[in-house]
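Chain by chain, the residues:
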Amino acid sequence: MRGTKDILMAWKNTRVLKRIGTEYPSKSAGIEGALRDFDYRQYLTEDEAQIVDNAVLALKADNFEYWSVLTSFYLREISCTKQAKVLGKQTTEITKILLAAECFIRGHIIELFSKAA
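Read on for an overview of the structure.

Parameters and conventions
- Residues numbered from 1 in each chain as written.
- Predicted model: local features only at pLDDT ≥ 70, side-chain atom pairs only at ≥ 80, totals over all residues.
- Heavy atoms only, no water.
- Helix = DSSP H or I, 4+ residues; strand = E, 2+ residues; numbered from the N terminus.
- Polar contact = N/O pair within 3.5 Å; in protein donor to acceptor, adjacent residues only side chain to side chain.
- Contact = heavy atoms within 4.5 Å.
- Expected span 1.5 Å × (residues − 1).
- Buried < 20%, exposed > 50% of the residue type's maximum accessible area, 1.4 Å probe, protein only.
- Axes fitted to C-alpha atoms, helices over the stretch in contact; angles between N-to-C directions.
- Parallel < 35°, antiparallel > 145°, perpendicular 65-115°, else oblique.
- Nonpolar A, V, L, I, M, F, W, Y, C, P; charged D, E, K, R; others polar.

Attention shifts here to the side chain of Thr14. In this structure, Thr14 sits in helix α1 (residues 4-15). Here the side chain of Thr14 touches Ala10 through a polar contact of 2.8 Å, landing on its backbone oxygen. With sequence-adjacent residues up to four places away left out, Thr14 is seen in contact with Tyr43, Leu44 and Ala49.

Below is the structure:
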């Protein structure tokens, strides 16, 4: 099974990035000769994305602070350092909250992802 961080990044790509199939292909500026029609981002199937959606909603119901740190980090791409400044906490505290939130998500999706595969 893929790592939790990989799954959450793929979930972000699936939910945040609106793809309609006519986007310009991505290409690294530093790599000449790279295929122009290759999209390197990972995405989830709709069933997998729904599993993660349900786990994130369960996290929101269980611990709102953990949910806000997790969604800020993954969906809004706000670093732990910036979140710590805004909340008046240490970066290590936010990092621990993020790790706990990721563990919560992992606990909710691990069995369902193995069934979906």
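With that settled, consider α1. The terminal C-alpha atoms of α1 lie 16 Å apart, and with twelve residues this matches the ideal 16 Å at 1.5 Å per residue to within 8%. Turning to α1, its buried residues number three or more, namely Thr4, Ile7, Leu8, Ala10, Trp11, Lys12, Asn13 and Thr14.

On to the packing of helix α2 (residues 46-62) against helix α3 (residues 64-74), then. As a packed pair, α2 and α3 sit with axes 6 Å apart at the nearest point and diverge in direction by 135 degrees. Considered as vectors, α2 and α3 are oriented oblique to each other. Across the interface between the two elements, Val56, Leu59, Lys60 and Asp62 of α2 pack against Phe64, Tyr66, Trp67, Leu70 and Thr71 of α3. A per-class count over the contact of α2 with α3 returns six nonpolar, one polar and two charged.

Purely spatial values, then, with no claim about function.
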